[in-house]
Amino acid sequence: MKAVRIHAHGGPSVLVLEDVPDPVPATGEVLVAVKAASVNAADWKVRSGDLPVTLVFPHILGRDFSGVVETAGPDTDIEPGTEVYAVCPPGMEGGYAEKISIGAQYVARKPKNLSHVEAAAIGLAALTALVTIEDTLKLKRGEKILIQGGAGGVAGMAIQLAHHLGAEVVTTARAENHAYVRSLGADQVIDYTKEDPAVLLGGCDAAFDTVGGSCIAQCFAVLKPGGRAAFIAGGAGAPEAPREDVTALRPAVNRSRALMDRVTAYVEAGILKLPEITAMSLSEAVRAHQLSEAKHVRGKLVFEIGD
């Protein structure tokens, strides 16, 4: 099969498309013919060595994908031919390939109303947003939330979920993305290139940072006493809160079929809509990482792999 691998940490140029042996499913695993795989910020952070993970080189990147079950190993409950999507469990990657072997417990039925490219685009982004908004921040109707980086994949999903729950949603985005994030459900949009949310906002019940850097301090600054903030861009743990009257949280984004089924239910009900998608081929992996690392991608980059 074809796969994009890295043989060492480094810049985008270390991504190499090459022929590798097909994986063989073990007990409890299914072999999936990958039709599409998304590009996430975590991918270039792993590639560059910025994330504290230990890799065995050569390594295939890619944390979420959509495809068709080709072979089911012993002790699995999914039939060959089933259209599925999944997010790889912590410590495992391999989506940048024509085939992947993964535990059946992580694989869920693909939403009926989505293509494989569309399903791959929402996998990890929607799962992260779901766990953050509902399970970590426990956002409630009538609360006010600041979501940093609204045009990104995770933030875009978070805006939709927060809006669905009845919260007042404020987000940050460049001027050219204001109409886009408003279409997702944002009530107020701040142009972060010209304005500081910490100056404009106050009284927020919650904040969600998907960007890192100066956005971390801004999230704490906008919270009212008793507020809580969730962070996914600043490392493995939550940053230390500079105030004793607020709470800093790091979402534990677990992987399971049950969690993916929650995402599917939202998608099939029309509550979670697709992000803007830019489809690319595996041969364009270097360019995809350059775009992702620049942090100005609107929506999601997706590798279209299958026919």
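Preceding block: the structure.
Residues numbered from 1 in each chain as written. Predicted model: local features only at pLDDT ≥ 70, side-chain atom pairs only at ≥ 80, totals over all residues. Heavy atoms only, no water.

Colleague: Teacher, can you tell me more about the sheet that holds strand 4 (residues 59–60) here?
Modeller: Either a parallel or an antiparallel arrangement is found when strands of a sheet pair, and the pairing is made through backbone hydrogen bonds. Strands sit in the order 2-1-4 across an open sheet of three strands; the sheet is antiparallel. Either end of the sheet is taken by a strand with one partner, and the two such strands are strand 2 (16–19) and strand 4. Two elements, strand 1 (residues 2–6) and strand 2, share four bridges in a ladder whose sense is antiparallel. Paired with K2 across the bridge in strand 2 is D19. (Pairing = 2+ DSSP bridges. Helix = DSSP H or I, 4+ residues; strand = E, 2+ residues; numbered from the N terminus.)

Colleague: Explain the packing of helix 1 (residues 41–48) against helix 8 (residues 285–293) here, please?
Modeller: Between two packed helices, the angle of one axis relative to the other and the distance separating the axes together describe the packing. Packing of helix 1 against helix 8 brings their axes to within 9 Å, and their N-to-C directions diverge by 105 degrees. The angle between helix 1 and helix 8 places the two elements in the roughly perpendicular class. The residues of helix 8 that touch helix 1, namely those facing A41, D43, W44 and R47, are H289, S292 and E293. (Axes fitted to C-alpha atoms, helices over the stretch in contact; angles between N-to-C directions. Parallel < 35°, antiparallel > 145°, perpendicular 65-115°, else oblique. Contact = heavy atoms within 4.5 Å.)

Colleague: Help me understand the packing of aromatic side chains in this model?
Modeller: To describe a pair of aromatic rings, you give the distance between the ring centres and the angle between the ring planes. For the structure on display, the rule yields two aromatic pairs. Judged by centre distance (4.9 Å) and plane angle (80 degrees), the ring pair of Y96 and F303 falls under edge-to-face. Of the two residues, Y96 is situated in the loop between strand 6 (83–87) and strand 7 (99–103) and F303 in strand 16 (residues 300–304); the sequence distance between them amounts to 207 residues. Residues Y96 and F303 agree in their burial class; the two are buried. With centroids separated by 5.1 Å and ring planes inclined at 40 degrees, the aromatic side chains of F220 and F231 adopt a geometry described as tilted. Placement of F220 in helix 6 (residues 215–222) and of F231 in strand 13 (residues 223–231) is noted, with a sequence separation of 11 residues between them. As far as the burial class goes, F220 and F231 line up, both buried. Stacked on the ring of Y180, the Lys or Arg R298 has its end atom at 5.0 Å from the ring centre. (Phe/Tyr/Trp six-rings, centres within 6.5 Å; stacked < 30°, edge-to-face > 60°. Buried < 20%, exposed > 50% of the residue type's maximum accessible area, 1.4 Å probe, protein only. Lys NZ or Arg CZ within 6 Å of the ring centre and 35° of its normal.)

Colleague: Help me out: how do you make sense of the pattern of salt bridges in this one?
Modeller: Side chains bearing opposite charge may pair, as long as their charged atoms lie close to each other. For the structure shown, the criterion picks out 16 salt bridges. Between R174 and E176 there is a salt bridge, with the nearest N and O atoms lying 3.2 Å from each other. Judged by its relative accessible area of 52%, E176 falls in the exposed class. Salt bridges here are not isolated pairs; linked through shared partners, they connect D22, E70 and K99. (Salt bridge = Lys/Arg side-chain N within 4 Å of Asp/Glu carboxyl O.)

Colleague: What am I meant to see in the side chain of T171 here?
Modeller: Along the chain, the position of T171 falls in strand 10 (residues 168–172). Among the polar contacts listed, one links the side chain of T171 to the backbone nitrogen of G150, at a separation of 3.3 Å. Those residues in contact with T171 that lie beyond four places of it in its chain are L146, I147, G149, G150, I159, V181, A186, Q188, V189 and I190. (Polar contact = N/O pair within 3.5 Å; in protein donor to acceptor, adjacent residues only side chain to side chain.)

Colleague: Help me understand helix 3 (residues 153–164) in this model?
Modeller: An α-helix turns once per 3.6 residues; consequently, residues spaced three or four apart project the same way. Counted at 1.5 Å a residue, the expected span for helix 3 with its 12 residues is 16 Å, and the 17 Å between its end C-alpha atoms agrees. The complete set of buried residues in helix 3 reads G153, V154, A155, G156, M157, A158, I159, Q160, L161 and A162. A positive phi of about 95 degrees marks G166, the residue just after helix 3. (Expected span 1.5 Å × (residues − 1).)

Colleague: Looking at this model, I keep getting lost on the sheet that holds strand 9 (residues 144–148). Mind explaining?
Modeller: Sheet architecture is open: six strands sit in the order 11-10-9-12-13-14, paired in parallel fashion. Sheet topology places strand 11 (188–190) and strand 14 (247–249) at the edges, where each strand pairs with a single neighbour. Each adjacent strand pair in this sheet contributes to an overall mean axis angle of 20 degrees, direction not counted. As paired strands, strand 9 and strand 10 are joined by four bridges and run parallel to one another. Residue I145 lies in a different strand from strand 10, and its bridge partner there is V169.

Colleague: Looking at this model, I keep getting lost on the side chain of H116. Mind explaining?
Modeller: With respect to the secondary-structure elements, H116 resides in helix 2 (residues 116–136). Note on H116: relative accessible area 14%, which makes it buried. With near-sequence residues (within four places) excluded, H116 lies in contact with K35, A36, S66, G67, V68, E83 and K110.

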